[in-house]
Amino acid sequence: MNERPLRIVIAKAGLDGHDRGAKVIARALRDAGMEVIYTGLFQTPEQIVQTAVQEDADGIGLSILSGAHMTLFPLVVEQLQAQGAGDIVFFGGGTIPPDDAQRLRDLGVRAIFTPGAPLQDIVDFVRSECGKRRALVG
Amino acid sequence: MARAISWSESGRGGDLIRALYAKTGRAMTLGLTGPPGVGKSTLASGLVRKARSLGKRVGVVSVDPSSPFSHGALLGDRIRLAEHFTDECVFIRSMASRGHLGGLAGATADAVLLMDAFGFDVVLIETVGVGQSEVAIAELAHTVLVALQPGSGDSIQVLKAGIMEIADVFVVNKADHPMADQLRREIRSTMEMLQWDGWVPELVVTQALAGTGIDELWSAVERHVAYLNETGEMEMRRRDAFTHQVRQLALGRLEQRLNRAIRDGARDGVDPYEAAERILASLPKF
Ligand SMILES: Nc1nc2c(ncn2[C@@H]2O[C@H](COP(=O)(O)OP(=O)(O)OP(=O)(O)O)[C@@H](O)[C@H]2O)c(=O)[nH]1
Ligand SMILES: [Mg+2]
């Protein structure tokens, strides 16, 4: 028996073509010993969740910079429920005002990181929360 | 199935594979190898499209390297397969090589068996693009596609490095490149220097990004599968794959026992040869 690294899907949704932030996070998680599945740009919520399910991911990190976060984040939460994948830890990042962030957390997004959040905080969050999911499902 | 593959990845897949093994043996397994960036994932996407147009269910296993330092990995093969993400008849799984040599991960063979048992008609396996050591794919896939690209020294290295022998079909991808024809000629002349008995590898020119040449590639694969079936070589390939996995599993167990014995064994004042003899003597006989 061997320890399987945590598996995290890092996705970009919507129509903005900026994925530098997502790539920085992906690399930081990789360097922290995790397996990061990168899906590329312009993913729909359905594509993102389908990917996470097939990859048996412990977490999904979604980056949105286009301002469409109030539509896209809730759609991912909805898809996760619809596919019986509510155990996957869903977190996000982007230029998201505090009020919106609070509403998204209330909807079930587990954490929102805004630009400037220390990478170490993100890594620590993922390790601890996704680690709990892993401990549950094995 | 997603969970089942994870069990195999953590070394707990044995029971399920045992239970499902009788259901395997129906899928056509295609290996896709070649140097980094030649277009393996893009070709995979085209082949999935083709297989889907024929009504087949398709599984894809894509292996990318793990970092030897952090043991983490960036798995990016999916990017090229996005058009198939929501197709219920396509299942894509990314795998990290986790230190396995030979371009495949330890659990790749299990993932292929699982997809086969779950009724996928075609299973595509994309290896790590390391260029020279992906020969393990020949033990797993019925048909091996070796993709090469024009204007790259990597591809010429591949031709020199014994990959010729495992190719059932050569793919010259990026046909839009001005040196594509030159590479095609180079492969031809390298092939002429070798002796072939039985199947002579086909050579197909593609432009995966535009979807050009995929139909021809699929036809070449079908001809190879027909050849395997007609000559009885299919049975041989299946047996080879079986033997290979048995070897891998047994070696893995043996290595664990050996490591334990080495760790626990006394080594003070003993030379390495003597220590090795003692450890072997202490292992249970077969
Ligand atoms: N010009 C041209 N570019 C292509 C073609 N096919 C693929 N590419 C590009 O080549 C690059 C690499 O393609 P991939 O499919 O990711 O290659 P790969 O072999 O899977 O790469 P690794 O998995 O990283 O080894 C991408 O930018 C593709 O868009 C083609 O026919 N012509
Ligand atoms: Mg690839």
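Calculation criteria
- Residues numbered from 1 in each chain as written.
- Chains lettered and ligands numbered in written order.
- Predicted model: local features only at pLDDT ≥ 70, side-chain atom pairs only at ≥ 80, totals over all residues.
- Heavy atoms only, no water.
- Pairing = 2+ DSSP bridges.
- Helix = DSSP H or I, 4+ residues; strand = E, 2+ residues; numbered from the N terminus.
- Axes fitted to C-alpha atoms, helices over the stretch in contact; angles between N-to-C directions.
- Donors = N, O, S within 2.8 Å, 3.2 Å for Na, K, Ca; no water.
- Parallel < 35°, antiparallel > 145°, perpendicular 65-115°, else oblique.
- Left-handed = near helix turned anticlockwise from the far one by under 90°.
- Contact = heavy atoms within 4.5 Å.
- Nonpolar A, V, L, I, M, F, W, Y, C, P; charged D, E, K, R; others polar.
- Buried < 20%, exposed > 50% of the residue type's maximum accessible area, 1.4 Å probe, protein only.
- Right-handed = clockwise from strand over helix to strand, strands pointing away.

Draft legend 1. Representation of the sheet that holds strand β5 (residues 111-113) of chain A. The six strands lie next to each other as β5(A)-β4(A)-β3(A)-β1(A)-β2(A)-β3(B), forming an open sheet whose pairing is parallel. In this open sheet, the two edge strands, each paired with only one partner strand, are β5 of chain A together with β3 (73-75) of chain B. Going from strand to strand, the sheet's axes swing by 20° on average, the running direction of each strand aside. Pairing of strand β1 (residues 7-12) of chain A with strand β2 (residues 35-38) of chain A, which is carried by four bridges, proceeds in the parallel orientation. Looking across to β2 of chain A, one finds that Arg7 of chain A is bridged to Glu35 of chain A.

Draft legend 2. Main features of the coordination of the magnesium ion (ligand 2). All names here are of chain B. Around the magnesium ion (ligand 2), the protein supplies Ser41 (OG), Asp77 (OD) and Glu126 (OE) as donor atoms, at distances of 2.1 to 2.2 Å. If you list the donors of the magnesium ion (ligand 2) from N- to C-terminus, the spacing comes out as S-x35-D-x48-E. Here Ser41 is found in helix α3 (residues 40-53), whereas its partner Asp77 is found in the loop between β3 and β4 (90-96), with 36 residues between them in sequence.

Draft legend 3. Representation of the packing of helix α1 (residues 2-9) of chain B against helix α4 (residues 108-117) of chain B in the model. All names here are of chain B. At a minimum axis distance of 9 Å, the contact between α1 and α4 shows a crossing angle of 155°. Between α1 and α4, the crossing angle belongs to the class labelled roughly antiparallel. Regarding α1 and α4, the two cross each other, and that crossing is right-handed. The residues of α4 that touch α1, namely those facing Ala4, Ile5 and Ser8, are Asp110, Ala111, Leu114 and Met115. Residue composition of the contact of α1 with α4, grouped by class: five nonpolar, one polar and one charged.

Draft legend 4. Layout of the pairing of strand β4 (residues 89-94) of chain A. Residue and element names in this part refer to chain A. Counting buried residues in β4 gives six out of six residues, a clear majority hidden from the surface. The alternating pattern of β4 places Val89, Phe91 and Gly93 and Phe90, Gly92 and Gly94 on opposite faces, both of which are buried. In this structure, strand β3 (residues 59-64) lies alongside β4, joined through six bridges in parallel fashion. Among the inter-strand pairings, Gly59 is bridged to a residue of β4, identified as Val89. Between β3 and its parallel partner β4, the chain crosses via helix α3 (residues 69-82), and the hand of that crossover is right-handed. As defined by bridge partners, β4 adjoins β5 across three bridges and the pair is classed as parallel. Bridged to Gly92 within β5 is Ile112. Taking the sense of rotation as the criterion, the β-α-β connection linking β4, helix α4 (residues 98-107) and β5 turns out right-handed.

Read these as layout, nothing more, since geometry by itself doesn't imply function.
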